Amino acid sequence: MAIIITDECINCGACEPECPNTAIYEGADDWRYKDGTKLRGKIVLPSGEEVDADAPFNPISDDIYYIVPDKCTECKGFHDEPQCAAVCPVDCCVPDDSHVESDETLLNRQAFLHGDE
């Protein structure tokens with residue numbers, strides 16, 4: 001499952017540089033699929049949806065840091081645990097019950113975002 005940042009976030013920013021997928025953004029900042037990934041131009045997501053990896057998407061939150069579920073792999077393929085949760089001083093990076101995914105799905109997403117590195 002993806003990780004979510006709760007309303008208890010103090011906007012310290014400790015989580016953002018720890019994300020190997022660049023899935024964490026400051027509140028009110030636009031996000032892009034290309035940020036921190038190999039994705040460029042027109043791509044077809046695993047869901048079958050076609051998007052422009054270079055195009056900005058609206059922020060998920062205007063107030064606090066947020067995690068893009070389609071880019072979160074819970075650090076699978078990089079680390080043994082989600083790094084955002086490991087560094088969060090107020091424990092507000094928690095599993096998102098609305099985005100439950102298997103390890104296989106998360107590893108497939110990691111491969112999609114980064115290729116065979």
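This structure is a prediction, so every number in the text was calculated from the model and none was measured. (Residues numbered from 1 in each chain as written. Predicted model: local features only at pLDDT ≥ 70, side-chain atom pairs only at ≥ 80, totals over all residues. Heavy atoms only, no water.)

Focus on the layout of surface pockets
No. 1: A volume near 170 Å³ is recorded for the largest pocket.
No. 2: For the lining of the largest pocket, the residue count by class is 5 nonpolar, 3 polar and 3 charged. (1 Å grid on protein atoms, 1.4 Å probe; cavity = no way out; pocket = protein on both sides within 12 Å on 5 of 7 lines; lining within 4 Å. Points joined across faces, edges and corners; volume = space filled by probe spheres on them. Nonpolar A, V, L, I, M, F, W, Y, C, P; charged D, E, K, R; others polar.)

Some remarks on the packing of aromatic side chains
No. 1: The tally for this structure, following the rule as stated, stands at 4 aromatic pairs.
No. 2: Taken together, a centroid distance of 5.8 Å and an interplanar angle of 20° make the contact between Tyr-25 and Tyr-66 stacked. Here Tyr-25, found in strand β2 (residues 24–25), pairs with Tyr-66, found in strand β5 (residues 66–67); they are 41 residues apart in sequence, far enough to count as distant.
No. 3: With a centroid separation of 4.6 Å and an interplanar angle of 20°, the aromatic rings of Trp-31 and Phe-57 are classed as stacked. Of the two residues, Trp-31 is situated in the loop between β2 and β3 (42–44) and Phe-57 in the loop between β4 (50–52) and β5; the sequence distance between them amounts to 26 residues.
No. 4: A relative accessible area of 25% places Phe-57 in the partly exposed class.
No. 5: Through successive ring pairs, a cluster of aromatic residues spans Trp-31, Tyr-33 and Phe-57. (Phe/Tyr/Trp six-rings, centres within 6.5 Å; stacked < 30°, edge-to-face > 60°. Helix = DSSP H or I, 4+ residues; strand = E, 2+ residues; numbered from the N terminus. Buried < 20%, exposed > 50% of the residue type's maximum accessible area, 1.4 Å probe, protein only.)

A short note on the environment of Gly-115
No. 1: Along the chain, the position of Gly-115 falls in the segment after α2 (103–114).
No. 2: Residue Gly-115 is classed as buried on the basis of its relative accessible area of 17%.
No. 3: Along the primary structure Gly-115 and Ile-10 are separated by 105 residues, whereas in three dimensions their C-alpha atoms are 34 Å apart.
No. 4: Sequence-distant contacts of Gly-115, defined by excluding residues within four places in its chain, comprise Lys-38 and Gln-110. (Contact = heavy atoms within 4.5 Å.)

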